[in-house]
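This is what each chain is made of:
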Amino acid sequence: MIYESHYQCHGQLWSVKTESPQEGYACPKCDKALEPDRTTISVDVLVAARNASGSPDFFGPVTVTLDELAYLEGEHYDEAIAQADEAGYEGPVLPFDENEFSALERAMGAIKPRLQPAL
């Protein structure tokens, strides 16, 4: 997940990208402490759905960029589902953001031995 905070001072706009929320930033010209005008988050989302043939499949991952409040409200899931729908994927759908990929990997790891034929 990438956080991009936007700061303004001396009529200029600065963007700072970090991997975690940033508390504040100092103006590079006057060293004044600044609070962000806004912060956006870019998060990867994978959608489990049925493809155009009706087979179970994954769409993505797609990168969704939105403000922090929209992220907390889960709008990144809605956006990824909308993109999957536009690409011809159908429900039922289940989105996973990058913070949930490890849970998906663990589930697949638990299932994989049962899917392999016995020798």
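What counts and what doesn't
- Residues numbered from 1 in each chain as written.
- Predicted model: local features only at pLDDT ≥ 70, side-chain atom pairs only at ≥ 80, totals over all residues.
- Heavy atoms only, no water.
- Helix = DSSP H or I, 4+ residues; strand = E, 2+ residues; numbered from the N terminus.
- Buried < 20%, exposed > 50% of the residue type's maximum accessible area, 1.4 Å probe, protein only.
- Core = buried A, V, L, I, M, F, W, Y, C linked by side-chain atoms within 4.5 Å.
- Contact = heavy atoms within 4.5 Å.
- Expected span 1.5 Å × (residues − 1).
- Arc of directions from axis to C-beta.

### Digging into the environment of Ala 87
Then comes step 1: Here Ala 87 lies in the loop between α2 (75–86) and β7 (90–97).
Then comes step 2: Take Ala 87: its relative accessible area is 46%, and that puts it in the partly exposed class.
Then comes step 3: Spatially, the C-alpha atoms of Ala 87 and Ala 52 are 8.7 Å apart, while their sequence positions differ by 35 residues.

### Observations regarding the nonpolar core
Then comes step 1: Counting residues in hydrophobic clusters, the biggest one holds 15 residues, and the most contacted among them are Val 45, Val 47, Phe 59 and Leu 66.
Then comes step 2: Those elements giving two or more residues to this core turn out to be β5 (38–50), β6 (56–67), α1 (68–72) and α2.
Then comes step 3: Per-element accounting of this core gives the leading share, 5 residues, to β5.
Then comes step 4: When residues no more than four places from it in sequence are discounted, the contact partners of Val 47 are Asp 57, Phe 58, Phe 59, Ala 80, Ile 81, Ala 84, Val 93, Leu 94 and Pro 95.

### Regarding α2
Then comes step 1: With 12 residues, α2 extends 17 Å from end C-alpha to end C-alpha; this agrees with the ideal 16 Å at 1.5 Å per step.
Then comes step 2: Of all the positions in α2, only His 76, Ala 80 and Ala 84 are classed as buried. Buried residues of α2, seen end-on, are gathered within an arc of 75 degrees and therefore sit on one face of the element. Residues of α2 that are exposed and angled more than 90 degrees away from the buried face: Asp 78, Asp 85 and Glu 86.
Then comes step 3: Turning to α2, the residues buried within the fold contact β5, β6, α1 and β7.
Then comes step 4: Once α2 ends, the next one or two residues include Gly 88, with phi positive near 95 degrees.

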